[in-house]
Each structure stands twice: as structure tokens, then as C-alpha cells.
Amino acid sequence: MKHFISTRGIDSATAIRLLDTTADMADVRQRDVKKLPTLRGKTVANVFFEDSTRTRLSFEAAALALSADVSTFTSKGSSVSKGESLKDTVQTLESMGADFIVLRHCDSGAAATLAQSGWINAHVINAGDGTHEHPTQALLDAYTLRSRLFGDSARGRNLAGVRIVIVGDILHSRVARSNVWLLATLGAHVTLVAPRTLMPRDIAAWPVAIVHTLDEALDEGVDAVMTLRIQKERMNDAFFPDAAEYTRFWGMTTARFDAVRANTLVMHPGPMNRGLEIAGSIADSANSTVRDQVSHGVAARMAVLYTLLGEDAS
Amino acid sequence: MASKVVLSSPDIERALKRIAHEIIEAQRGRHDLVFLGIPTRGVVLSERLAQLVNDIEPQHIDCGVLDVTMYRDDLRTKSTRATTPTTIPASGIDGKTVVLVDDVLYSGRTIRAALDAVTALGRPAAVRLAVLVDRGHRELPIRADFVGKNLPSSVDERVYVQLAETDGDEMVGIR
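Treat the numbers as computed from the prediction; the structure is a model and nothing was measured.

With that out of the way, let us pick up the side chain of Arg301(A). Within the secondary structure layout, Arg301(A) lies in helix α11 (residues 290-309). No salt bridge forms around the buried Arg301(A); measuring N to O, its nearest opposite-charge neighbour Asp141(A) is 8.2 Å away.

Turning our attention to the pairing of strand β2 (residues 33-37) of chain B. Residues and elements named next belong to chain B. In terms of residue burial, β2 counts as a mostly covered element, since 5 of its 5 residues are buried. With burial as the criterion, each face of β2 is covered, one bearing Leu33, Phe35 and Gly37 and the other bearing Val34 and Leu36. As judged from the 5 bridges shared by β2 and strand β3 (residues 61-65), these two strands associate in the parallel manner. Each bridged residue has a counterpart across the sheet, and for Leu36 the counterpart in β3 is Gly64. Assessed by its sense of winding, the connection that carries the chain from β2 through helix α2 (residues 41-56) to β3 is right-handed. Sheet topology places β2 next to strand β4 (residues 97-105); 5 bridges connect them, and they run parallel. Within the sheet, the bridge partner assigned to Leu33 lies in β4 and is Thr97.

Along the chain, Pro37(A) falls in the loop between α1 (12-29) and β1 (43-48). Along the chain, Pro37(A) and Leu66(A) lie 29 residues apart, while their C-alpha atoms are 5.7 Å from each other. For Pro37(A), the contacting residues outside a window of four places in its chain are Leu66(A), Ser67(A), Met70(B) and Tyr71(B).

All names here are of chain A. Under the domain assignment used here, chain A contains domain 1 (12-134 + 294-313) and domain 2 (135-289). The C-alpha-based centres of domain 1 and domain 2 are spaced at 25 Å. Each side of the interface is counted separately: domain 1 has 29 residues, and domain 2 has 30 residues. When the two sides are added together, the surface that domain 1 and domain 2 hide from each other amounts to roughly 2,400 Å², 60% of it contributed by carbon and sulfur. The largest per-residue losses of area from domain 1 upon contact with domain 2 belong to Leu19, Thr131 and His134, which jointly make up 29% of the total buried on that side. For the interface between domain 1 and domain 2, the tally reads 3 salt bridges. Between Glu50 and Arg174 there is a salt bridge, with the nearest N and O atoms lying 2.8 Å from each other. Taken together, the connections running from domain 1 to domain 2 amount to 13 residue pairs in polar contact (both at pLDDT 80 or more). Contributing elements (two or more residues each) for the side of domain 1 that touches domain 2: α1, α2 (54-65), β3 (100-105), β4 (123-129) and α11.

Another aspect to go through is the interface of chain A and chain B. Facing the 23 residues of chain A at the interface are 17 residues of chain B. Linking chain A with chain B are 0 salt bridges, by the criterion used here. Here chain A is connected to chain B by 7 residue pairs in polar contact (both at pLDDT 80 or more). Looking at the side of chain A that touches chain B, the elements with two or more residues in it are α1 and α11 of chain A. The greatest single-element share of the side of chain A that touches chain B, amounting to 5 residues, is contributed by α1(A).

Criteria and thresholds
- Each chain carries its own residue numbering, running from 1 in the direction its sequence is written.
- Just so you know, chain letters begin at A and ligand numbers begin at 1, following the order they were written in.
- Per-residue local features are limited, in this predicted model, to residues with pLDDT of at least 70; the limit for side-chain atom pairs, both in listing and counting, is 80 or more; totals at the level of whole chains, interfaces and linings are taken over all residues.
- Hydrogens and water molecules were not included; the side-chain quantities draw on all heavy atoms of the structure.
- Here a helix means four or more residues in a row that DSSP labels H or I, a strand means two or more in a row labelled E, and each is numbered from the N terminus.
- Working definition: with a 1.4 Å probe on protein chains only, accessible area under 20% of the residue-type maximum means buried, over 50% means exposed, and in between means partly exposed.
- Only four residue types enter the charge count: Lys and Arg as positive, Asp and Glu as negative, with His and the chain ends excluded.
- Criterion for a salt bridge: a side-chain nitrogen of Lys or Arg within 4 Å of a carboxyl oxygen of Asp or Glu.
- When DSSP finds at least two bridges between two strands, those strands are taken to pair.
- Handedness of a crossover is defined as follows: with both strands directed away from the viewer, a clockwise route from the first strand across the helix to the second makes it right-handed.
- Residues are treated as being in contact if the distance between any of their heavy atoms lies within 4.5 Å.
- Here the bounds of each domain stem from an automatic or database domain assignment.
- Each of two parts loses accessible area, computed with a 1.4 Å probe, when they are put together; buried area is these two losses added.
- Think of a polar contact as two N or O atoms within 3.5 Å of one another; within protein, one of them needs to be a possible hydrogen donor and the other a possible acceptor, and neighboring residues in sequence only count if both atoms come from side chains.

Shown next, in the form of C-alpha cells:
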């Protein structure tokens, strides 16, 4: 694997190996000495054309934990505002020695374009491109699920038979897309829930079940509910009447939470709109994986960086 | 190329018993012993050695697994190797005698990586190295403290170790 652009097309064996490597990285994060020498002498450039807190910090922490040098580029305050293109920007970064480009971009397909362009030799890691994919988020979500559901016997396992509901703004969600592909490859049953206005139209071929209210989805009995953020920056149309109505039909409320099986996990990729898509008390409950997801994010990104490094052999 | 058996199953057992005696002799009861096996076959050998030492002189011995993958110096020239979990005793390795156990000692680079991995885990009183086979061709100033069999070999030859737990069969061969 030279680049990490999408979870679509990753085979099951590769996915499981990435999860196992993530587990080993997570172990290292528990030790007194949290650093590995693996990427010594390599430079990871974080190139962020879009705002981000946890993804950028997480990639920085992952690169530093593997002893890489890190340079961070954000488009705000850069020459991008003077009209510099993506091509010129990344070529500049590579000239300064970047071996890995971690790209967050507002346009779907930006990371794939960069990987296929031939502009650079560096590895490209997609840290979120428009409404397309956010593959490292899916990896950390799958890892969080696997470790919470199977504990010490998680290693080497897939997610066969695990039932997961993803609820919210599927239309604009790169997290949902990346999760759909990865979770399906791992054998999980994925149900998508969204208002009709926030469900993509072309998803007949997706390996998922589709329902339109959360109650309908929860009736079936589920292992985990993944709530997505209502992205206020993308709510530029009348997708649903108002926030209260959204919460009533698609929010993870305490009433819904009390009605599901006691060990049902509740996930959220962050940042959360407490009280809108997820009740604050649920986000802070023992069933919530929100904090785990953040801490596993570093381990998952370490696993991806390490896995791509082996590609330099040829 | 013709294949030749160098150690049979009873030979391996005898070699490990001798190593167990040598470990006890070198130890003279000074520190607690921790056996750290290097995957995959080093782990099997370390468990067997711990049992043998315990049979000769009953004592508490901790066993663990030391994955050295992330510390290797050839990661960027070889395709990605799968990592395995590292497990160390709950009481750690500080102040103890760590015995690293591997099946074959060759260039010494795995052991160099293992020494770095140990350093990241704690500060043992001493680190020793036990190997079933030493085939020579060292590329680093490293030697084993306990050797089952010195096996002069050519770099073109392949030394292979099979153990009942991992391979179903039990032998050391060269071809």
C-alpha cells in the first residue's frame, strides 16, 4: 500500500492486519516510553486546507510517537490565499523533505488526485476529502468497536455479525462513507438512518440497509449506534425543519438510550453537538466510546504510517 | 540443494537442558529471571527454557514476548512486517535479569533491535542472550551467552528451525 486514500477496496486480510497493528500501537501508548524509532529521519507533512482539531493533532501525535519530524501546513495565512495551487503547495513541501503528505481538503477526490498525479513521490494519506472519505476515522472506529466488543480475544477477528447503526447526515458524511466500506468488508451489518433529505440518492449498491427513523433501526437490536455530527457549515438548504424535530426523529436521546440493550455502544466521531444528535449524558456515559475513539485515533494513524513505510522497499 | 538435519528432536531437548543448567550456573541466585522470547519460535523456546530451569531449581520465572519489529533497521528496505503484541510481566523488568531467547542468531540485527526494545521497557540489572543455533556471519558486535549449537554455515545456505508447537515437527535443518 503506497497511499491510504479510501477504505473502499481494502481487502479483509489487510483490514484485520491494520486493526492488529493498531492494537500493538495502542499498547505502546500505555507504556512509560511511548516513542518508537520506526520513522526516524522521515518527515510527515500535515497539509490542512480545512479546519480540524482532533485529526490534525492526532496525526501529529502519531508521527511524533514514531519519531518522525512533523511540519504542519494550514491554508489559512499561507500562500494559498495568494492563489498557490495544490500542486505547487505539495511540491514545495516535498522539496522541503516531506516523505508523507497527510491531506485534509474541502474537495472530494483531492487526496486521490494528489496520489495519482505523479506530482510527488511522497505517500499520501487522506485525512478527509470533502464529502468523500475519511479512512483513518473509519479505521479507529472499527478498532474501537472490535476492542470494546471482544476485549482480549479481539486480535485477528473481523466484525462478522456485529450490528451497527449509523445515524445522521449521511449525505455529507465522509465518516459514514469510509465506515460503510470498512465495516462491510469486516462482515458487520450496517444500517443507515437519515432524513430522506440527508440520505444520498445513489446508494442502491452500498452494502447497507436503509431506514428513515432511528426507532425503526433500534427495534432490530444493535451492538453500536454511531451518531454523526450535524454539520452546520453544510446545512445550506432546508434539510429538516428545525433542530428539535431532528432530535425527535434522529437524535440519540435518553429515552431511546434507555430503551436499547444495556450494553449498546454509542459512538460519535466528534466534534459533538450535545443535545442535538446526542444527549450530553449519553456522551458521558460508560456506553460512550467518544474518548476511546480519540485516543485510538493516534494508534490507528501510527498503524497507517507504519504500514505505508514498508512500501519504500521497492 | 540437499537438505540436512542438524539437530533432531532429542538433540534439541538436550541442548535446551544444557542451556537451562548454564543459565542457573551464571545466575547464582542473584536476580529474578525474566525470559523474553522473540516471536515466533523464540517465544516457544523461552517457555520451554523457563520450565526446564524451574524443573532443575524451582523458582519464580516470568515469561514474556518481545516484539522487535518496530525497532528494526531494515523497515524502509523490506516490505511491511506484521507486528505482534509485546507482553511483559506485570512487575516489569527493572532490576531483573532478562534472558532474550531466539531460535537462530545470524547477523545480530534482530538482537540489536531487541536491546533497543528492552531499553524502552525498563532497566534490567542484566540482559543475556540464549539461542538454539548460532550460524555465524555477524554484522554487529553481538554474541550469545548461551548457545544450543554452533552451526558454521555459508550465507547461501538456509538454516531452518521447526518446533512442535509452531510447526508440528521438531528439528533444525540446513539446506
